[in-house]
Amino acid sequence: MTNSNSENTTVQVALRIRPLTQEDLVNLPSRFQRNVLSTSPFTPNQVIVHGDKKLTFNFDYVFGPETQQRDVYDISVRNMVDKFLEGFNVTILAYGQTSSGKTYTMGTSDSVSSIHESRGIIPRALHTLFSYISSAQFKSRKITMKVSFIEIYNEDLNDLLNDTDDDENKPQLLIREDSKGNIIWSGLQEIKVNSVEEVMGHLARGSLNRQVGATDMNSQSSRSHAIFSVTLCQQKQISTNGISSPTPLSHPSTPSTPTKLGSPPPRRLSKILDDGEWVTVTSKFNFVDLAGSERLKRTAVSGDRAKEGISINSGLLALGNVISALGDPSKARNTTHIPYRDSKLTRLLQDSLGGNAQTLMIACVSPAEYNISETINTLKYANRARNIKNSAIVNQEEAEILLLLILMVMVEDLLLLLV
Ligand SMILES: Nc1ncnc2c1ncn2[C@@H]1O[C@H](COP(=O)(O)OP(=O)(O)OP(=O)(O)O)[C@@H](O)[C@H]1O
């Protein structure tokens, strides 16, 4: 950490091992239902794979099959919500093979009426956010929150919150880079929200629009990558000594005497400066539910499903390549080229991987022997992500607002000189 407005962090990686489900007990051959994963009793956050040979992997967090949704949230996510409120961009990615628990963990399919205990990360994070925002500490701030929901399906971008059937008049979704190198998703609807219920309504509506199709492994398999985003804009006043001031911004009044350029600030301008600066802090929270990472032959698909599989895998392959390039110190020294542009997924997530965001990857796995090779792939993939270094900053714009105030006063003064 350099100062309170910028933090150098690494991508945090949590492993979540789901329990055997009723579907496993019905669908998997009984000789392959054996549990092949255990957590280490001696080394925290270590998982042991009991296959042909014993393998161990370490993560920032390891959640065993008995871990409840509340604990996953409290231990690994709650602190990221705090960071989001401070003005940092935050991304949480759920990665893993089909049916490994990504949607369950993330809560992407949860609705307002979902049972409280089984609620995933998204509804929990929103409850925390809204309770903070309605607290006394935030009363003096002007706050707007917006949500958007984007899907990448066969390398096409879809706006899951735009229900219009009129495809021709739907705005084109584009990924752009601004002059500061920030990634902008343009053409996407951003809907203003005022309560957890409203957010959950949009999440449920968007999830219904998401592409799902039956594979052999999961009858409701998500065939697309989906990113639910919450953007928080806070206008707050900070006094010049850095302490938040509750005084709202008052518009500058007409000056009694005109000010010459270069003269000391007029009294009302120095009053504005004394009262403190108004700053706008904007942060974005991305909840990413990736499509299943399994190899095609496992899901026994053909035709359109196979085409989807190839495109899902190419997005995840590109994500893997970006992770390798960012996470392998020897490669990072030798090449400055990070292949973000190889897929829409990596381009959309460019800020979250090696950029201006605090990022948590949750790798989800099944404990059953039947899935052992996919599980090992997931463990290796997620392990590499731990080496990625991000450099996040509080997205605060004070200079522009102050400059604007000074310019407003100057324009008024110049106008007065003309009359
Ligand atoms: N930790 C858990 N505790 C209890 N049930 C779980 C847990 N994780 C997943 N499940 C159950 O396992 C099944 C598959 O989970 P889920 O749909 O979240 O998988 P997924 O990884 O999102 O799959 P896909 O990539 O195909 O969408 C669901 O019935 C879900 O309720």
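Parameters at a glance
Residues numbered from 1 in each chain as written. Predicted model: local features only at pLDDT ≥ 70, side-chain atom pairs only at ≥ 80, totals over all residues. Heavy atoms only, no water. Helix = DSSP H or I, 4+ residues; strand = E, 2+ residues; numbered from the N terminus. Buried < 20%, exposed > 50% of the residue type's maximum accessible area, 1.4 Å probe, protein only. Contact = heavy atoms within 4.5 Å. Areas by Shrake-Rupley, 256 points an atom, 1.4 Å probe, with all protein chains shown as cover. Phe/Tyr/Trp six-rings, centres within 6.5 Å; stacked < 30°, edge-to-face > 60°. Lys NZ or Arg CZ within 6 Å of the ring centre and 35° of its normal. Core = buried A, V, L, I, M, F, W, Y, C linked by side-chain atoms within 4.5 Å. Pairing = 2+ DSSP bridges. Axes fitted to C-alpha atoms, helices over the stretch in contact; angles between N-to-C directions. Parallel < 35°, antiparallel > 145°, perpendicular 65-115°, else oblique. Left-handed = near helix turned anticlockwise from the far one by under 90°. Salt bridge = Lys/Arg side-chain N within 4 Å of Asp/Glu carboxyl O. UniProt positions renumbered as here; feature names shortened; annotations may be inferred.

**Thoughts on the overall build of the protein**
The helix and strand tally for the protein stands at twelve helices and 18 strands. Evaluated residue by residue, the protein yields a buried proportion of 50% over its 419 residues. Across the protein, contacts joining residues at least 24 apart in sequence account for 74% of those joining residues at least 6 apart. For the protein, the exposed surface amounts to about 20,400 Å²; the carbon and sulfur share of it is 53%.

**As for the packing of aromatic side chains**
Enumeration according to the criterion identifies seven aromatic pairs in this entry. Relative to Y370, the ring of F32 has its centre 6.3 Å away and its plane inclined at 55 degrees; by these criteria the two rings are tilted. Of this pair, F32 sits in the loop between α1 (22–27) and β3 (37–39) while Y370 is found in the loop between β16 (358–365) and α11 (372–385), placing the two residues 338 residues apart along the sequence. Residues F149 and F228 carry aromatic rings whose centres are separated by 5.1 Å and whose planes lie at 80 degrees to one another, so their mutual orientation is edge-to-face. Taken together, the positions of F149 in strand β8 (residues 142–153) and F228 in strand β13 (residues 225–238) put the pair 79 residues apart, joining distant regions of the chain. Using a relative accessible area of 0% as the deciding quantity, one classes F149 as buried. When its relative accessible area of 0% is taken as the criterion, F228 is described as buried. A network of ring pairs unites the aromatic residues F84, F285 and F287 as a single cluster. The ring of F138 carries R141 above its face, with NZ or CZ at 4.4 Å from the centroid. Between K284 and the ring centre of W185, over which it is positioned, the NZ or CZ distance is 3.4 Å.

**Re the nonpolar core**
If you look at the biggest cluster of nonpolar residues, it comprises 45 residues, and the most contacted ones within it are L15, F59 and M361. Setting aside residues no more than four positions away along its own chain, M361 makes contact with V11, Q12, V13, A14, L93, Y95, I323, Y381, A382 and A385. The next biggest cluster of nonpolar side chains, apart from the first, holds 42 residues, and it includes V72, Y73, F228 and F285.

**Side note on the sheet that holds strand β5 (residues 54–58)**
Spatially, β3-β4-β5 is the arrangement adopted by the three strands of the open sheet, whose pairing is antiparallel. Only two strands of the sheet have a single neighbouring strand rather than two, namely β3 and β5. Put simply, the sheet's adjacent strands are angled 25 degrees from each other on average, direction ignored. Bridging between β3 and strand β4 (residues 46–50) involves three bridges; their strand directions are antiparallel. Among the inter-strand pairings, T39 is bridged to a residue of β4, identified as V47.

**As for the packing of helix α2 (residues 69–86) against helix α4 (residues 121–133)**
It is the contact of α2 with α4, at a shortest axis distance of 10 Å, that shows an interaxial angle of 45 degrees. With respect to each other, α2 and α4 are oriented oblique. In the crossing of α2 with α4, the sense of the turn from one axis to the other is right-handed. Residue-level inspection shows Q69, R70, V72, Y73, V77, R78, V81, D82, F84 and L85 of α2 in contact with α4, the latter providing I121, R124, A125, T128, L129 and Y132.

**What about the pattern of salt bridges?**
Pairs can form between side chains of opposite charge whenever their charged atoms are close. Tallying each qualifying case throughout the model produces ten salt bridges. Between R386 and D60 there is a salt bridge whose closest N-O contact spans 3.2 Å. Pair noted here: R386 is in the loop between α11 and β17 (389–393) and D60 is in the loop between β5 and β6 (61–63), with a separation of 326 residues, a long-range link. For R386, a relative accessible area of 26% puts it in the partly exposed group. The salt bridge partner of E117 is R70, with a shortest N-O separation of 3.6 Å. Of this pair, E117 sits in the loop between α3 (102–106) and α4 while R70 sits in helix α2, and the two are 47 residues apart along the sequence. Given the relative accessible area of 39%, E117 is considered partly exposed.

**Regarding the UniProt feature "binding site: ATP" (unreviewed entry) in the protein**
Under the UniProt annotation, the feature "binding site: ATP" (unreviewed entry) is placed at G96, Q97, T98, S99, S100, G101, K102 and T103. For G96, the position within the fold is in the loop between β7 (90–95) and α3. When its relative accessible area of 4% is taken as the criterion, T98 is described as buried.

**Considering unusual backbone geometry**
Even without glycine at this site, N45 takes up a positive phi of about 60 degrees. You can see N45 is positioned in the loop between β3 and β4. Residue N45 is classed as partly exposed on the basis of its relative accessible area of 29%. At S99, a position not held by glycine, the phi torsion is positive, near 70 degrees. On the secondary structure map, S99 appears in the loop between β7 and α3.

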